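What follows is each chain in one-letter form.
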Amino acid sequence: MLNTTTLNTTTLDIAEARLGAAYSVEQHLRRHGASLCELLDTLDDPIGFAALCDLHAAFGQPIPDTDAVEAALRDIHSVLADQTPSSLDRIGRERGLPASGMTLWHGARVSELLARFPRAE
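Rules of the game
Residues numbered from 1 in each chain as written. Predicted model: local features only at pLDDT ≥ 70, side-chain atom pairs only at ≥ 80, totals over all residues. Heavy atoms only, no water. Axes fitted to C-alpha atoms, helices over the stretch in contact; angles between N-to-C directions. Helix = DSSP H or I, 4+ residues; strand = E, 2+ residues; numbered from the N terminus. Parallel < 35°, antiparallel > 145°, perpendicular 65-115°, else oblique. Contact = heavy atoms within 4.5 Å. Nonpolar A, V, L, I, M, F, W, Y, C, P; charged D, E, K, R; others polar. Salt bridge = Lys/Arg side-chain N within 4 Å of Asp/Glu carboxyl O. Buried < 20%, exposed > 50% of the residue type's maximum accessible area, 1.4 Å probe, protein only.

It is worth spelling out the packing of helix α4 (residues 85-95) against helix α5 (residues 99-115) at this point. The contact between α4 and α5 brings their axes to 7 Å, and the two run at 125°. Judged on the interaxial angle alone, α5 and α4 are oblique. On the side of α4, the interface is formed by Leu88, Asp89, Ile91 and Gly92, while α5 contributes Ala99, Ser100 and Thr103. Residue composition of the contact of α4 with α5, by class: three nonpolar, three polar and one charged.

As structure tokens, this is what we get:
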């Protein structure tokens, strides 16, 4: 016999943990969003910039859509991970921006934030 109390508690625990993860993302964006925005704009990748816009939109709701937050983070992570060292070096030279360091730093932070999102089993 299925114990619905355990199922409901587990579901609520996951939902609560995902909201906590989304809150962490929101706090991160308040502190480092301008830098991430500058980087994504510099990389000139429409997917990354659109994902950042989606991320901001998810926090425009009374309760953020945790699936939208996670999906936007995954898109941003993919864009950052897909950058080649040579393109980052070129951007750094052309724009006087430490693109390599910024990409590594933001990529690591986005990875840490993604790891906070529990998955339903």
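What follows covers the pattern of salt bridges. Should the charged atoms of two oppositely charged side chains come close, the side chains can pair. One pass over the full model with this rule turns up six salt bridges. Among the ionic pairs, Arg18 bridges to Asp67, the shortest N-O distance being 2.9 Å. Taken together, the residues Arg18 in helix α1 (residues 4-43) and Asp67 in helix α3 (residues 66-81) connect sequence positions 49 residues apart. Its relative accessible area of 7% is what places Arg18 among the buried residues. Here the residues in one salt-bridge network are Arg18, Asp67, Glu70 and Arg74, joined through shared partners.

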